[in-house]
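Listed below, chain by chain, are the residues.
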Amino acid sequence: MVSIKQILKNTENPIMKAFYLLALGIIIFSTNQISANENKYIAKGTLLNSGLMLRTADGILELSTHGFSREFSELSNTRVRILCERIGKKCKPLRYDPEPFLDETNIPDWTFKRIPRYVYKNEFSFNPQVTPDGNKLFWTTLTKPTASARSSQKIWSSEKDELGFWKPGWQMEAPLNNNMPSAVISALPGGNELFIFGNFGEDEIVDSIKKEMVEKSESLIKSSESRKEYEYKMDKLQKSYKDKMDKVFNRAPLYKSQKDSNYWTNPRPISFPSFYNTYRKAENPNQQIFGGSALSSSGKIIIFSAQQAVNFGKLDLYVSFLDSNGEFGPAVNLGATLNTKDEEMAPFLAPDDRTLYFSSNGYGDELSIFVTKRIGNGWDNWTAPIEISNKLRGVNFFSIPASSAWAYVSKEGELYLAKIPKDFRPESVFVVLGKVTDDNDNPLSTTIRYESLTSKKSLGVGISDPKTGMFSIVLPYGDNYGFYAEKIGYLPVSKNINLENKEVVNADSPSINQSNVLFKLPKLEAGKEITLNNLFFETGSAEIQKESEGELFRLIEILQKSAQIEILLEGHTDDIGKSQSNMELSLARANAVRDFLINKGKIADSRIASIGFGQDKPIVANDSDENRARNRRVVFRIKK
């Protein structure tokens with residue numbers, strides 16, 4: 001009688017081996033167990049037998065009935081990672097990720113990696129916009145016409161789970177989608193703020209203007225004493241009507257929405273009073289053609305494609321900056337180095353704020369994607385555009401997470417990742433992944449602001465998710481940054497990171513270019529305290545460094561808004577040096593902060609007390625440079 005070992009030894013066909021193993025019930029799982037308490041695991045291997053089995057490093061794994069039959073059949077003989085639910089000895093696929101895997105090395109440049117079709121549910125999909133942290137994805141689907149509705153465009157979304165698999169996508173609800181075409185133009189860090197292209201309220205505005213015109217026209221008929229007076233007043237009314245309608249139709253078709261405790265806020269138009277666009281197609285002169293736009297990760301810079309008075313071609317690229325009043329100022333043409341006689345459109349400004357990708361049909365016979373780098377600190381000097389790959393001809397949507405070697409693109413209605421050669425990647429940036437809670441660990445929706453501690457210039461604003469408290473911000477290398485969370489009724493908490501001299505890490509290892517932070521905001525009430533993390537002194541001295549001023553002026557603002565508050569400033573040191581000297585230094589530093597608040601903020605000295613504890617109250621052991629730095633602190637405590 002032939003033994004099972006002999007059968008297996010003499011059988012080269014992996015599918016037949018699988019059947020023998022399954023019959024014996026001795027299938028071996030090549031998996032990563034997620035949790036001892038969960039019946040889920042990750043299996044990695046090659047799909048076989050039209051996707052019914054998975055050949056792993058240790059054996060053949062049979063797949064239970066699942067919803068990916070068609071996709072797995074097309075992916076037969078392809079390597080995949082599968083999130084499995086254990087059904088007896090079988091794997092029921094819950095989510096999957098096809099090769100190549102992003103943690104692999106030596107993947108050829110411009111390799112395309114398909115985003116699983118279950119994410120966008122086989123809908124015709126394009127315009128992928130990924131958040132800088134790479135965890136949320138927005139895209140546009142083209143809906144099919146029906147008997148009652150025309151074809152339109154809808155916003156869809158997905159996010160990665162904790163294991164890095166994309167969740168099944170969904171069509172976003174109102175107010176982000178309505179009966180008009182909609183699309184996400186830019187997703188700011190964290191995915192809690194979106195800039196949207198669409199039509200939100202224009203119909204109501206137009207109807208209101210028309211109604212006003214009719215009512216005033218009827219009033220003129222009754223009030224005019226002569227035909228000449230009527231014609232004169234009617235001419236003025238028609239000009240006013242035309243001006244109002246032109247403002248509606250020539251406004252920037254861009255809106256902003258952010259997460260609130262329920263869902264998303266109603267999209268509100270961005271304030272861009274100087275925007276206009278004169279480009280029309282010859283075959284339809286009534287239709288305005290807008291070439292798209294992109295926002296910087298800070299939300300303060302917009303690059304867009306339009307036709308204006310200073311133009312080199314049909315559609316040119318322009319830049320505009322957000323001013324202190326919350327308005328985008330007059331647009332500046334990016335110049336003849338970038339703009340041709342044809343159409344430059346679909347810009348994407350990488351998170352480094354220096355690398356610009358855009359599509360153009362002005363550099364050759366076909367539409368393609370080009371890259372250019374900003375030279376210097378201005379916005380009028382760029383390197384000559386280079387076509388990044390002829391493999392991307394016909395592709396005109398492009399989005400890259402921070403410090404990533406992969407771009408998100410769309411082609412023929414499907415979504416992909418494309419491996420970017422090093423020469424065409426953006427400069428590395430640093431991503432702060434954070435969470436904001438109250439004292440009881442409840443998530444808080446707060447404003448996150450970040451600034452240059454060197455120049456004391458405000459650089460950007462973000463928000464945290466009201467349901468999870470999560471946020472992220474993107475910081476280019478080359479500066480010393482402070483960032484803080486603030487919310488009415490709470491004390492602001494700050495942190496800092498110095499990226500002036502840090503070594504820039506290769507984009508193939510983006511996890512090294514990020515840190516995780518927790519902001520725990522105390523309520524504005526007696527007994528609560530915060531450590532002034534962005535307060536800096538000269539070594540061994542009570543002289544406050546200039547980088548501390550932003551932190552101290554925020555405290556002044558709190559004291560000015562809440563005149564009943566009385567505070568205690570506590571100074572602390574590490575254990576280096578003599579105990580008496582440390583006691584004196586800690587008190588001197590607390591007094592230096594007190595003097596700043598009194599002199600710069602005109603705060604009554606009776607509201608501010610100070611005390612020095614020296615080295616007597618460490619919050620961690622003085623056993624490392626890092627821990628000693630944590631013990632050297634000034635605490636802001638509310639007494640009353």
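Model, not experiment: these values are computed from the prediction.

(A) Looking closely at the overall build of the protein. Scanning the protein from terminus to terminus reveals nine helices and 39 strands. Put simply, the protein has 640 residues, and 49% of those count as buried. Long-range contacts, defined here as pairs at least 24 residues apart, represent 59% of the contacts in the protein between residues at least 6 apart. Split by element, the accessible area of the protein, about 31300 Å² in all, is 49% carbon and sulfur.

(B) Quick peek at the sheet that holds strand β18 (residues 293-295). The strand order across the open sheet formed by four strands is β18-β19-β20-β21, and the pairing between neighbours is antiparallel. Pairing within the sheet leaves two strands with one partner each, and these edge strands are β18 and β21 (332-333). Summarising the sheet, β18 and strand β19 (residues 301-306) pair through three bridges and their orientation is antiparallel. Looking across to β19, one finds that A294 is bridged to I303.

(C) Broad picture of helix α7 (residues 549-561). Relative to the 18 Å expected for 13 residues at 1.5 Å per residue, α7 spans 18 Å between its end C-alpha atoms, a close match to the ideal helical length. Residues of α7 that are buried: E549, E551, L552, R554, L555, I556, I558 and L559.

(D) The packing of α7 against helix α8 (residues 579-601), seen in detail. Interaxial distance between α7 and α8 falls to 10 Å at its minimum, and their mutual angle equals 65 degrees. Judged by the twist between their axes, the crossing of α7 over α8 is right-handed. Residues E549, L552, F553, L555, I556, L559 and Q560 of α7 form the contact with α8, whose own contacting residues are V593, F596, L597, K600 and G601. Broken down by class, the residue content of the contact of α7 with α8 amounts to eight nonpolar, two polar and two charged.

(E) Quick look at the sheet that holds strand β13 (residues 193-197). Ordered in space as β12-β13-β14-β15, the four strands form an open sheet in which the pairing is antiparallel. Looking at strand neighbours, the two that pair on one side only are β12 (183-187) and β15 (268-269), the edges of this open sheet. The sheet contact formed by strand β14 (residues 254-258) and β15 spans two bridges and is antiparallel. Each bridged residue has a counterpart across the sheet, and for Y255 the counterpart in β15 is P269.

(F) Focus on the packing of aromatic side chains. Across all of its chains, the model carries 26 aromatic pairs by this definition. Taken together, a centroid distance of 5.2 Å and an interplanar angle of 50 degrees make the contact between F68 and Y118 tilted. Highlighted residues: F68 in the loop between β4 (60-62) and α3 (69-74) and Y118 in helix α4 (residues 117-120), separated in sequence by 50 residues. No difference in accessibility class separates F68 from Y118, as the two residues are buried. Clustering of aromatic rings is evident, with ring pairs tying together F197, F272, F275, F290, F304, Y318 and F328. In this arrangement the basic side chain of R374 is found over the ring face of W379, its NZ or CZ atom lying 3.9 Å from the centre. Its end group placed over the ring of F613, K617 keeps NZ or CZ at 4.1 Å from the ring centre.

What counts, and at which threshold
Residues numbered from 1 in each chain as written. Predicted model: local features only at pLDDT ≥ 70, side-chain atom pairs only at ≥ 80, totals over all residues. Heavy atoms only, no water. Helix = DSSP H or I, 4+ residues; strand = E, 2+ residues; numbered from the N terminus. Buried < 20%, exposed > 50% of the residue type's maximum accessible area, 1.4 Å probe, protein only. Contact = heavy atoms within 4.5 Å. Areas by Shrake-Rupley, 256 points an atom, 1.4 Å probe, with all protein chains shown as cover. Pairing = 2+ DSSP bridges. Expected span 1.5 Å × (residues − 1). Axes fitted to C-alpha atoms, helices over the stretch in contact; angles between N-to-C directions. Left-handed = near helix turned anticlockwise from the far one by under 90°. Nonpolar A, V, L, I, M, F, W, Y, C, P; charged D, E, K, R; others polar. Phe/Tyr/Trp six-rings, centres within 6.5 Å; stacked < 30°, edge-to-face > 60°. Lys NZ or Arg CZ within 6 Å of the ring centre and 35° of its normal.

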